[in-house]
Amino acid sequence: MESLSWRKSSRSSAAGADCVEIALVSTGAAVRDSKNADGARLRFGDAGWDTFLAAAKNGSFVS
């Protein structure tokens, strides 16, 4: 993955234990766990990013 400018998600916890970082790319976005910056990353195209955001906002990922 090319060099990306990562930023902490506004939805991450203030305590820092559950931090997700995002980087906008030319077509969509990339997501990683800030506790494991060299680990796995998810990359979404524009449509996939919109779908991911909608699912996160409506609580689809809450267990």
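What counts and what doesn't
- Residues numbered from 1 in each chain as written.
- Predicted model: local features only at pLDDT ≥ 70, side-chain atom pairs only at ≥ 80, totals over all residues.
- Heavy atoms only, no water.
- pLDDT = per-residue confidence, 0-100.
- Helix = DSSP H or I, 4+ residues; strand = E, 2+ residues; numbered from the N terminus.
- Phe/Tyr/Trp six-rings, centres within 6.5 Å; stacked < 30°, edge-to-face > 60°.
- Buried < 20%, exposed > 50% of the residue type's maximum accessible area, 1.4 Å probe, protein only.

Q: Is there a simple way to explain the confidence of the model for the protein chain in this structure?
A: Detailed conclusions should not be drawn from predicted coordinates in areas where pLDDT is low. Residues with a pLDDT of 70 or more make up 84% of the protein chain, whose mean pLDDT is 85. Taking the mean pLDDT of every element in the protein chain, the minimum, 88, falls on strand 1 (residues 7-8) and the maximum, 93, on strand 4 (residues 41-44).

Q: Any chance you could explain the packing of aromatic side chains here in plain terms?
A: Two aromatic rings, taken as a pair, are described by how far apart their centres are and by the angle between their planes. Applying the stated rule across the entire model yields 4 aromatic pairs. Taking the centre distance of 4.7 Å and the plane angle of 35° together, the rings of F44 and F52 count as tilted. Taking the relative accessible area as the measure of exposure, F52 reaches 23% and is therefore partly exposed. A connected cluster of aromatic rings, assembled from ring pairs, spans F44, W49, F52 and F61.

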